[in-house]
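Reading the structure
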Amino acid sequence: YPINISSPAQIAILLYDVLGIEPPDKSKPRGTGEEILQKIDHPMAEIILEYRGITKLLSTYIEKMPTITNPKTYRIHTSFNQMGADTGRFSSSDPNMQNIPSHNDEIRKMFRASEGHVLLSSDYSAQEPRLTAHMSGDEKMIAAYKAGKDLYVEIASIAYNLPYDECKEFREDGTRNPDGKERRNAAKAIVLGVCYGKGVPAIAEDLGVPRKKAQEIYDKVMVSFPGLKQFMEDSENMARDYGFVTTVWGRKRRLPNMQLEPYEFTYIGGVPKDFDPLFDDEDEFDDGPLEVDEATKQRYINVLNRTYSRKEKEVIKAKAKNEGILIKDNGGYIAEATRQCVNSRIQGSAADQTKLAMILIGNDKKLKELGFRLLLTVHDELIGECPKKNAKEVAERFAHLMVEAAKDLSVPSKCDVEVTECWYGEPLQLDE
DNA sequence: ATCATAGGCCAC
DNA sequence: AAACGTGGCCTATGAT
Ligand SMILES: [Mn+2]
Ligand SMILES: [Mn+2]
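Conventions adopted
- Residues numbered from 1 in each chain as written.
- Chains lettered and ligands numbered in written order.
- Predicted model: local features only at pLDDT ≥ 70, side-chain atom pairs only at ≥ 80, totals over all residues.
- Heavy atoms only, no water.
- Helix = DSSP H or I, 4+ residues; strand = E, 2+ residues; numbered from the N terminus.
- Buried < 20%, exposed > 50% of the residue type's maximum accessible area, 1.4 Å probe, protein only.
- Lys, Arg positive; Asp, Glu negative; His and termini not counted.
- Charge placed at Lys NZ, Arg CZ, Asp CG, Glu CD.
- Donors = N, O, S within 2.8 Å, 3.2 Å for Na, K, Ca; no water.
- Near = heavy atom within 4 Å.
- Polar contact = N/O pair within 3.5 Å; in protein donor to acceptor, adjacent residues only side chain to side chain.
- Nonpolar A, V, L, I, M, F, W, Y, C, P; charged D, E, K, R; others polar.
- Domains from an automatic or database assignment.
- Core = buried A, V, L, I, M, F, W, Y, C linked by side-chain atoms within 4.5 Å.
- Contact = heavy atoms within 4.5 Å.
- Axes fitted to C-alpha atoms, helices over the stretch in contact; angles between N-to-C directions.
- Parallel < 35°, antiparallel > 145°, perpendicular 65-115°, else oblique.
- Left-handed = near helix turned anticlockwise from the far one by under 90°.
- Salt bridge = Lys/Arg side-chain N within 4 Å of Asp/Glu carboxyl O.
- Phe/Tyr/Trp six-rings, centres within 6.5 Å; stacked < 30°, edge-to-face > 60°.
- Lys NZ or Arg CZ within 6 Å of the ring centre and 35° of its normal.
- Pairing = 2+ DSSP bridges.

Assigned secondary structure in chain A consists of 17 helices and 10 strands. Seen through its C-alpha atoms, chain A measures out along the principal axes to roughly 95 × 65 × 50 Å. The buried share of chain A, taken over its 432 residues, is 40%. Averaging the positions of the 59 positive and the 70 negative side-chain charges in chain A gives two centres separated by 4 Å.

What follows is the structure, given as structure tokens:
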């Protein structure tokens, strides 16, 4: 029988039914995602992965772009959606120019500066961690950035109890240190994971270390940077109290789910199971459904809070249903909102900074005189073009204004500028 | 044809 | 036993 290799459903039939392979991830018994296929030791899994990789690039980028270029200018015109993301970030669509593969030599060559011009791309270095350091006020984090240190290296050295230099990718003499790189990567994964609300088990999985080891590192990071832990708790409390969180520059993100009750109770049918209108002397029924009384709610809440297993919770809910009471569990929504609290403040502050930089750059007379024009924003990065001869002057001004966008913070900002012919291409030398 | 959803995957 | 945040676009699939 022919099968469609582009159909996840048909691939699942092939792998799990026809070939009888055991699903590596029990929570996704029919999954065919990249991580799952990598764990399957069968030539078919490898072939599917290869096919996916190629067709993704082919359909989304290589075949798509030529069909939407302006026939006269050969330019592509994207839409930047000012309110595209709830955090304050732009989104980009039709086409999305914020997810062009950056590690693929073939695709990046597609985008070039116009004749006689160069592309300038300036990327904030560690934008989000720096803003996290600022917002948290954590002395050690701030000190690390003030001293021009690499925070991830700093954290690795604390977590592993090793000198700073043992946690760097490169040694003083310029030779590589694979152990150092691994330590730094682990620290980076943990800091980012913490900021995004990742749990310890998932961090362990990422790092390929036992859960216990991941927990150790996690705890050490939290103890070493008390301001960070406080910042996370403050962010959650802000959202619980006010229903929103704010960024460094005052942008709000509403998170109403933080104010949900963990459980909501309603009578199925609007009245208790034993409700008898003939013997009910209160007229509450006319005003809508009856509310479950506090004592009953509390009884269920006490039982529910005694267990952490989803299965047992389901049993309790089923029992309640049998007694005519519907229990809505908001735990999942609250957990999600709790992760969004911290992340939104960080991501939103970064978006603010980048947008402020865009305003400074768009209003700058000098850049205008030098023929510079902003083309794209990719969250922590701005891309523009200018005449080749002005490249050096523009590059300096460009980066300066991006740093200037956040000048009164407790940590410095830093930008890396690249001047290229093609997007992500080989850096050009800037003479004169 | 157009729309909605799911699974999957690209970016930061 | 535990979803890591923010997006958009691809194909498949089933409904209108
Ligand atoms: Mn960056
Ligand atoms: Mn970037």
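Our focus in this paragraph is the coordination of the manganese ion (ligand 1). At the metal site, the manganese ion (ligand 1) is ligated by D123 (OD), Y124 (O) and D380 (OD), and these contacts range over 2.1 to 2.3 Å. If you list the donors of the manganese ion (ligand 1) from N- to C-terminus, the spacing comes out as D-Y-x255-D. The distance between the manganese ion (ligand 1) and the manganese ion (ligand 2) comes to 3.8 Å, with D123 serving as a donor to both metals. Of this pair, D123 sits in strand β3 (residues 117–124) while D380 sits in the loop between β8 (373–377) and β9 (381–387); the two residues are 257 residues apart in sequence, bridging distant segments of the chain. Residue D123 is classed as partly exposed on the basis of its relative accessible area of 25%.

Another point: the protein's contact with DNA strand B. Among the 17 residues in the neighbourhood of DNA strand B, the closest are listed as T32, E34, K56, N99 and D380. For DNA strand B, the backbone makes up 85% of the atoms found within 4 Å of the protein, where backbone means sugar plus phosphate. One of the backbone nitrogen or oxygen atoms of E34 is found 2.8 Å away from a phosphate oxygen of DNA strand B. Taking R52, its side chain carries an N or O atom lying 3.2 Å from a phosphate oxygen of DNA strand B.

What surrounds DNA strand C is a group of 31 residues, the closest being N4, S7, D94, K198 and Q340. Taking all atoms of DNA strand C within 4 Å of the protein, the share assigned to sugar and phosphate is 78%. For DNA strand C, a base oxygen lies 3.2 Å from a polar atom in the side chain of R89. S91 places a side-chain nitrogen or oxygen 3.0 Å from a phosphate oxygen of DNA strand C. At the level of secondary structure, the elements contributing two or more residues to the surface near DNA strand C comprise α3 (43–62), β2 (91–93), α9 (178–196) and α15 (331–362). Across the surface near DNA strand C, the residue classes tally to four nonpolar, 19 polar and eight charged.

For chain A, the domain assignment lists domain 1 (1–63), domain 2 (130–251) and domain 3 (261–329). Taken over C-alpha atoms, the centre of domain 1 sits 45 Å from the centre of domain 3.

Judged by nonpolar contacts, the single largest core of 34 residues is most densely connected at I155, V194, V221 and F225. Secondary structure elements with two or more residues in this core: α6 (127–136), α7 (139–146), α8 (151–159), α9, α10 (200–207), α11 (211–224), α12 (226–242) and α15. Residue contributions to this core peak at seven residues, all from α8. Apart from residues no more than four positions distant in its own chain, V194 is found in contact with Y218, M222, L228 and M232. If you look at the next biggest cluster of nonpolar residues, it comprises 22 residues, including V394, A395, A405 and V419.

It is worth spelling out the packing of α7 against α8 at this point. Close contact between α7 and α8 brings their axes to 9 Å; oriented N to C, the two are set at 130°. On the basis of the axis angle, α7 is oblique to α8. Viewed along their axes, α7 and α8 form a crossing whose handedness is right-handed. Taking contact as the criterion, the partners of K140, M141, A144 and Y145 in α7 are, on α8, L151, E154 and I158. For the contact of α7 with α8, the per-class residue count stands at five nonpolar, no polar and two charged.

Summed over all chains, the structure comprises 23 salt bridges. Here K168 makes a salt bridge to E172, at a shortest N to O gap of 3.3 Å. In this structure, E385 engages R373 in a salt bridge whose closest nitrogen and oxygen atoms are separated by 3.6 Å. With E385 in strand β9 and R373 in strand β8, this residue pair connects regions lying 12 residues apart in the sequence.

The subject of this paragraph is α8. Where burial is concerned, most of α8 is hidden: nine out of the nine residues are buried. The set of residues buried in α8 consists of L151, Y152, V153, E154, I155, A156, S157, I158 and A159. Lining the buried residues of α8 we find α6, α7, α9 and α11. Where α8 begins, the side chain of D150 points an oxygen toward the backbone nitrogen of Y152, at a separation of 2.9 Å. Once α8 finishes, N161 follows within two positions and takes phi at roughly 60°, a positive value.

The next point concerns the packing of α11 against α12. Two numbers describe how α11 lies on α12: the axes approach to 4 Å, and their chain directions differ by 90°. As judged from the angle between their axes, α11 and α12 are roughly perpendicular. In this structure, α11 contributes V221, M222, V223 and S224 to the contact, and α12 contributes P226, L228, K229 and M232. Grouping the constituent residues of the contact of α11 with α12 by class yields six nonpolar, one polar and one charged.

Now for the packing of aromatic side chains. The description of an aromatic ring pair uses the distance of the two centres, along with the angle that the planes make with each other. Going through the model one piece at a time under the given rule, you end up with six aromatic pairs. Pairing Y242 with F244 gives two aromatic rings, centres 5.9 Å apart and planes at 35°, and the pair type is tilted. Here K140 stacks its cationic end above the ring of F225, 5.7 Å away from the centre of that ring.

What follows covers the pairing of β3. In terms of burial, β3 is largely enclosed, as six of its eight residues are buried. Sheet topology places β3 next to strand β10 (residues 415–420); six bridges connect them, and they run antiparallel. Among the inter-strand pairings, S121 is bridged to a residue of β10, identified as E418.

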